[in-house]
Amino acid sequence: MVLVYHLTLQSEKPPFDDVRVRQAISEALQREAFIELGTQSGAVGTGNYPLGPWGMPKEMRNQLIGYGPDMAKRIAHAKELLASYEKEKGKIDWSKIKAQCASNIKLSCENGQIMQQLLKKINVHIELQPMILSQLRGNEISGDYLMSLLGAAMNFDDPIDTFGQLFVTNGGRWYQRRSLPAVDALFEQQKFMADPEARKKVVWDMDTMVINDSSYLILMWPDFYHVRWDFVKGWTQTSNLWSTNTRMDTVWLDLPELPHTR
């Protein structure tokens, strides 16, 4: 199982319906800060668990929006993006934009407080809107929000599960409202690729698209809840493990020989 903390931007409503604003937010969020300043540990990553077999190489990740190593350059770019948007569409009133967080999920609002400080560097001042988890999820389902901070858990460290739940149109996560047809097409393609190295290239293309689209911002991947067993065989992966096709009829364990069994 793997867990990820994220910031969702409502791409169906202004100002986040414009990619420039979403990218500006992403550029300002120094991912390492969520690890260094929060009461948590983990790793910086993109759409797949960064320390697993599908994690994007760091040199490739550093080319994406929100991941470059030069924060001064990223802050300047974020300000340029916002200036371009406001010149065309008018000034954004950030006082009217709130970020909802779950008050009964500790790290949700903690990540929100870190986000607040980081966004001040691009002159964006966001008010947090704490609420209980059920209300937050209800708002995500209805689309009645602009910014939402929470996390997601996936059963397996595999693109079919991670992308199937987080990024694919009509995927397993009900609050995933963004539709990127090019990502959907690549998702279907990689599901049937037997060569891991060839599949990685397609997965990283998907990763590049969703990260640069900046609708669903990965803040960090915590290092707890990550377990891998290479002796589980016969598992058939699906794109929605939470509600369909989770039967274990064909799963078997190829257990290693243990000292006490000799």
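First, a word on scope: everything that follows refers to the structure included in this document.

Quick notes on the rules
- Residues numbered from 1 in each chain as written.
- Predicted model: local features only at pLDDT ≥ 70, side-chain atom pairs only at ≥ 80, totals over all residues.
- Heavy atoms only, no water.
- Helix = DSSP H or I, 4+ residues; strand = E, 2+ residues; numbered from the N terminus.
- Buried < 20%, exposed > 50% of the residue type's maximum accessible area, 1.4 Å probe, protein only.
- Contact = heavy atoms within 4.5 Å.
- Areas by Shrake-Rupley, 256 points an atom, 1.4 Å probe, with all protein chains shown as cover.
- Pairing = 2+ DSSP bridges.
- Axes fitted to C-alpha atoms, helices over the stretch in contact; angles between N-to-C directions.
- Core = buried A, V, L, I, M, F, W, Y, C linked by side-chain atoms within 4.5 Å.
- Polar contact = N/O pair within 3.5 Å; in protein donor to acceptor, adjacent residues only side chain to side chain.
- Disulfide = S-S within 2.5 Å.
- Expected span 1.5 Å × (residues − 1).

**Quick look at the overall build of the protein**
Here's step 1: Helices and strands together make up the secondary structure of the protein, namely 9 helices and 8 strands.
Here's step 2: When each of the 262 residues of the protein is scored for burial, the buried share is 52%.
Here's step 3: Put simply, of all contacts in the protein between residues at least 6 apart along the chain, 73% involve residues at least 24 apart.
Here's step 4: A total accessible area of about 12,800 Å² is found for the protein, and carbon and sulfur atoms account for 55% of it.

**Description of the environment of Gly66**
Here's step 1: The topology assignment puts Gly66 in the loop between helix 3 (58-61) and helix 4 (71-89).
Here's step 2: Residue Gly66 is classed as buried on the basis of its relative accessible area, which comes to 1%.
Here's step 3: For Gly66, the residues in contact, after removing those within four places along its chain, are Ser26, Glu27, Leu29, Arg31 and Arg74.

**Some details on the sheet that holds strand 5 (residues 147-154)**
Here's step 1: Taken in spatial order, the 6 strands line up as 2-6-1-5-3-4 in an open sheet, and their pairing is mixed. Only two strands of the sheet have a single partner each, and these edge strands are strand 2 (42-43) and strand 4 (127-131).
Here's step 2: The pairing of strand 1 (residues 2-9) with strand 6 (residues 216-222) spans 4 bridges and is antiparallel. Its bridge partner being in strand 6, Leu7 is matched across the sheet by Leu217.
Here's step 3: Taken strand by strand, helix 6 (residues 133-142) contacts strand 3 (98-102), strand 4 and strand 5, and its axis lies near 100 degrees from that of strand 5.

**Let's talk about the nonpolar core**
Here's step 1: Core analysis: the largest hydrophobic core is formed by 40 residues, its most contacted members being Leu7, Ile25, Leu29, Trp94, Met115, Leu119 and Met147.
Here's step 2: At the level of secondary structure, the elements contributing two or more residues to this core comprise strand 1, helix 1 (19-28), helix 2 (31-36), helix 4, strand 3, helix 5 (106-119), strand 5 and strand 6.
Here's step 3: Excluding its chain neighbours within four sequence positions, the residues that come into contact with Leu7 are Ile25, Leu29, Met115, Met147, Ser148, Leu149, Ser215, Tyr216, Leu217 and Leu219.
Here's step 4: Grouped together as the second largest cluster of nonpolar side chains are 28 residues, Val2, Val4, Trp54 and Leu180 included.

**Regarding the side chain of Thr162**
Here's step 1: Tracing the backbone shows Thr162 in helix 7 (residues 159-166).
Here's step 2: Overall, the relative accessible area of 0% leaves Thr162 in the buried class.
Here's step 3: Among the polar contacts made by the side chain of Thr162, one reaches the side chain of Asn48 at a distance of 2.6 Å.
Here's step 4: The contact partners of Thr162, leaving out residues within four places of it in the chain, are Gly47, Asn48, Met154, Phe156, Phe167 and Trp221.

**Focus on the state of the cysteines**
Here's step 1: Within this structure, the stated rule accounts for 1 disulfide.
Here's step 2: Linked covalently through their sulfurs, Cys101 and Cys109 form a disulfide whose S-S length is 2.1 Å. Its S-S torsion of approximately 90 degrees makes the covalent link between Cys101 and Cys109 right-handed.
Here's step 3: Note on Cys101: relative accessible area 0%, which makes it buried.
Here's step 4: What makes Cys109 buried here is its relative accessible area of 15%.

**Section: helix 5**
Here's step 1: Spanning 14 residues, helix 5 covers 21 Å between terminal C-alpha atoms, matching the ideal 20 Å at 1.5 Å per step.
Here's step 2: Of all 14 residues that make up helix 5, 11 are buried, and the element is covered over most of its length.
Here's step 3: Among all positions in helix 5, only Leu107, Ser108, Cys109, Glu110, Asn111, Gly112, Ile114, Met115, Gln116, Leu118 and Leu119 are buried.

**Looking at the pairing of strand 5**
Here's step 1: For strand 5, a buried count of 8 out of 8 residues is recorded, marking the element as mostly surrounded by other parts of the structure.
Here's step 2: A two-sided burial pattern is seen for strand 5, the buried positions comprising Met147, Leu149, Gly151 and Ala153 on one face and Ser148, Leu150, Ala152 and Met154 on the other.
Here's step 3: By the bridge criterion, 8 bridges tie strand 1 to strand 5 in an arrangement that is antiparallel. Bridge pairing in strand 5 links His6 to Leu150.
Here's step 4: As defined by bridge partners, strand 3 adjoins strand 5 across 3 bridges and the pair is classed as parallel. Within the sheet, the bridge partner assigned to Cys101 lies in strand 5 and is Leu149.

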